[in-house]
Amino acid sequence: MANSGQKVVLITGCSSGIGLRIAVILAKDEKSRYHVIATMRDLKKKDKLVEAAGDAYGKTLTLLPLDVCSDESVRQCVNNVKDRHIDILINNAGVGLLGPVESISIEEMKKVFETNFFGVVRMIKEVMPDMKKRRSGHIIVMSSVMGLQGVVFNDVYTASKFAMEGFCESLAVQLMKFNIRLSMIEPGPVHTEFETKMMEDVAKMEYPGADADTVRYFKDVYLPSSIDIFEAMGQTPDDIAKCTKKVIESNNPRFRNLTNSLYTPIVALKYADETGGLSVNTFYNLLFNFGPLMHITMSILKCLTCSCLRRRTISPN
Ligand SMILES: NC(=O)C1=CN([C@@H]2O[C@H](COP(=O)(O)OP(=O)(O)OC[C@H]3O[C@@H](n4cnc5c(N)ncnc54)[C@H](OP(=O)(O)O)[C@@H]3O)[C@@H](O)[C@H]2O)C=CC1
Ligand SMILES: CC1=C(/C=C/C(C)=C/C=C/C(C)=C/C=O)C(C)(C)CCC1
C-alpha cells in the first residue's frame, strides 16, 4: 500500500518492454516517491518484471491484472486500487501491425484500434473523473513517432496512434482547467518484443490479396530499410523509461515528448511543408531510390542532428 507522501502510478502493459522498464525505474526511485501498480493482462507473465524489480516487489511495486480491451477488467482493476486514487496513469499497452493493407482483414485492423486507441480511451474514462474531483493528476500516453507521421506499410498502426494523438490533443485543453496534465511520449524505434513479434508475424504471413509487386516492395525494399533504421537509431526500453520519468518529474511537463533526436529531422519534414509534399516525396526517395543506400542515409541523418534539434527532444540522460 502507498505511503501518504507517495504518488500512486498505474501502468498498463508491464509484462515486457517499455512498460516493464518504466515500472522498475519508478519502483526503484532513490527517494521512494512512487507506489507503482504494474498491470498486465496475463499475470502468468509476471516473472520477468518481478525479477527485475527485486526488493521493490511487494513494497513500492504491486501487480494487478488488466486487459485494456475489456470494460469489466478496467473497472475491476481501478476498483482494486485503494480509494480508486491514481495520481499518474501511464497508458503504455499497445500492439503493432505491419504489411500491405490488401492482406490485412478489417477484424485484425479493429483489434489494433481496440488496444491502441479504445484501450487508452477506456482507461482515461475510468480514471479521469476521480482526477477531476481531486483537481490533480497526470496522464501519460505512450504514443510514437508514428503518431505524428505516417510510415509506409505501417498504415493501420500509424492510424491508431494518430487517432490517439487527436483525442489527447483535444482533451488536454479541458483537463488543464482541472489541473490535470496530459503528456504524449513519442519514441522512434525501440528494441523490444514489439519489434520481434512483428518480424515473427511477417515471416509467417503469406499476404493473400496483395499483388506480387506490392509484396516485393514490402519484403525486399521496406523490411531491409526498416531493419537498418532500427539498427542505426533504435533506443532501449530503459531510455524511454528514463524519458518518461523526466516528464513525470517536470514542473511544467510538455504535451509532446519526442525521445530520439535522430528522428527529429524526419518529423520536421512534415512541419516544414504543410502541403505534405516534402515528407511524402522524401520518404518515397529514401525508400525506393536510396533504399540500398539507407546505411549512408542514416549516417547523414546522424550528422544533421545538431544540438539545436537535440534540445527539442527529451533525452534519457
Ligand atoms: N518498440 C517500439 O519500437 C515502439 C513502441 N511504442 C509503443 O510503446 C508501447 C509499448 O510497446 P513495447 O514495449 O515496445 O512492446 P512490447 O510488445 O514489449 O509490450 C507491449 C505490452 O502491451 C501489452 N498489451 C498488449 N495488448 C494488451 C491488452 N489488451 N491489455 C493489456 N496489455 C496489453 C503486452 O502484453 P502481453 O504480453 O500480454 O501481450 C505488453 O506487455 C506500445 O504502445 C507501442 O505502440 C512506441 C514507439 C516505438
Ligand atoms: C523505411 C523508411 C522509414 C522507416 C521508419 C521506421 C521503420 C520507423 C519505425 C518506428 C517505430 C517502430 C515506431 C513504433 O511505434 C523512414 C525513416 C520513415 C524513411 C522512409 C523509409
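Before going into details, it helps to say that this report is about the structure given with it. Quick caveat, the model's predicted, so the values are computed rather than measured.

The rules we used
Residues numbered from 1 in each chain as written. Chains lettered and ligands numbered in written order. Predicted model: local features only at pLDDT ≥ 70, side-chain atom pairs only at ≥ 80, totals over all residues. Heavy atoms only, no water. Helix = DSSP H or I, 4+ residues; strand = E, 2+ residues; numbered from the N terminus. Contact = heavy atoms within 4.5 Å. Areas by Shrake-Rupley, 256 points an atom, 1.4 Å probe, with all protein chains shown as cover. Lys, Arg positive; Asp, Glu negative; His and termini not counted. Charge placed at Lys NZ, Arg CZ, Asp CG, Glu CD. Near = heavy atom within 4 Å. Polar contact = N/O pair within 3.5 Å; in protein donor to acceptor, adjacent residues only side chain to side chain. Nonpolar A, V, L, I, M, F, W, Y, C, P; charged D, E, K, R; others polar. Expected span 1.5 Å × (residues − 1). Bend = angle between axes of the 7 residues up to and from the residue. Buried < 20%, exposed > 50% of the residue type's maximum accessible area, 1.4 Å probe, protein only. Pairing = 2+ DSSP bridges. Right-handed = clockwise from strand over helix to strand, strands pointing away. Phe/Tyr/Trp six-rings, centres within 6.5 Å; stacked < 30°, edge-to-face > 60°. Lys NZ or Arg CZ within 6 Å of the ring centre and 35° of its normal.

## Some details on the overall build of the protein
Looking only at helices and strands, one finds 13 helices and seven strands in the protein. Projecting the C-alpha coordinates of the protein onto the three principal axes gives extents of approximately 60 × 45 × 40 Å. For the protein, restricting intrachain contacts to residue pairs at least 6 apart in sequence, the fraction spanning at least 24 positions comes to 78%. When the accessible surface of the protein is totalled, it reaches about 15500 Å², and 56% of it is carbon and sulfur. Both charge centroids of the protein, one from 39 positive and one from 36 negative side chains, sit 9 Å from each other.

## Quick notes on the site of ligand 1
The local shell around ligand 1 holds 31 residues, among which Ser15, Arg41, Tyr157, Thr192 and Lys197 are the closest. Here a nitrogen atom of ligand 1 sits 2.9 Å away from a polar atom, N or O, in the side chain of Asp67. Counting residues per element, the ones that place at least two in the shell around ligand 1 are helix H1 (17–27), helix H6 (155–177) and helix H7 (193–204). For the shell around ligand 1, the per-class residue count stands at 14 nonpolar, eleven polar and six charged.

## Here we look at H6
Between the first and last C-alpha of H6 there are 34 Å, a value that for 23 residues agrees with the 33 Å anticipated at 1.5 Å per step. The axis of H6 is deflected most strongly, by about 30 degrees, at Leu171. Among the residues of H6, those classed as buried are Val156, Tyr157, Thr158, Ser160, Lys161, Met164, Glu165, Cys168, Leu171, Ala172 and Leu175. On its buried side, H6 packs onto helix H4 (106–116), helix H5 (118–134), strand S5 (137–142), strand S6 (180–186), H7 and strand S7 (256–258). Downstream of H6 by a residue or two, Asn179 has a phi angle that is positive, lying close to 60 degrees.

## Observations concerning the site of ligand 2
Close to ligand 2 lie 16 residues, the nearest being Ser144, Met146, Tyr157, Ile229 and Phe230. Tyr157 is positioned such that a nitrogen or oxygen atom in its side chain is 2.6 Å from an oxygen atom of ligand 2. Out of a free accessible area of 540 Å², ligand 2 has 96% covered by protein chains. The dominant element in the shell around ligand 2, judged by the number of residues it contributes, is helix H8 (residues 212–233), at five residues. Here the shell around ligand 2 is built from residues that sort into 13 nonpolar, three polar and no charged.

## Comments concerning the pairing of strand S2 (residues 34–40)
Regular strands show a simple pattern: their side chains alternate between the two faces of the sheet. Counting buried positions along S2 yields seven of seven residues, so the element is predominantly enclosed. Alternating positions in S2 separate into two faces, Tyr34, Val36, Ala38 and Met40 on one and His35, Ile37 and Thr39 on the other, with burial throughout. Relative to S2, strand S1 (residues 7–11) runs parallel, the two sharing five bridges. Of the residues in S2, the one forming a bridge with Ile11 is Ala38. Remark: the S1/H1/S2 crossover connection has right-handed handedness.

## Some words on unusual backbone geometry
Residues other than glycine seldom take positive phi values, yet Arg135 does so here, at roughly 55 degrees. In the Ramachandran plot, Asn179 falls in the positive-phi region, its phi being about 60 degrees despite a non-glycine side chain. Its place among the elements puts Asn179 in the loop between H6 and S6.

## Observations concerning the packing of aromatic side chains
Tallied over the full model, the rule gives nine aromatic pairs. When the ring of Phe117 is compared with that of Phe118, the centres are 4.9 Å apart and the planes differ by 70 degrees; the resulting orientation is edge-to-face. Consider the rings of Phe117 and Phe167, whose centres lie 5.9 Å apart with planes at 90 degrees: the pair is edge-to-face. In this pair, Phe117 is assigned in the loop between H4 and H5 and Phe167 in helix H6, connecting sequence segments 50 residues apart. For Phe117, a relative accessible area of 14% translates into the label buried. For Phe167, a relative accessible area of 26% puts it in the partly exposed group. Taken together, the ring pairs connect Phe153, Tyr207, Phe218 and Tyr222 into an aromatic cluster. Between Lys132 and the ring centre of Phe178, over which it is positioned, the NZ or CZ distance is 4.6 Å.

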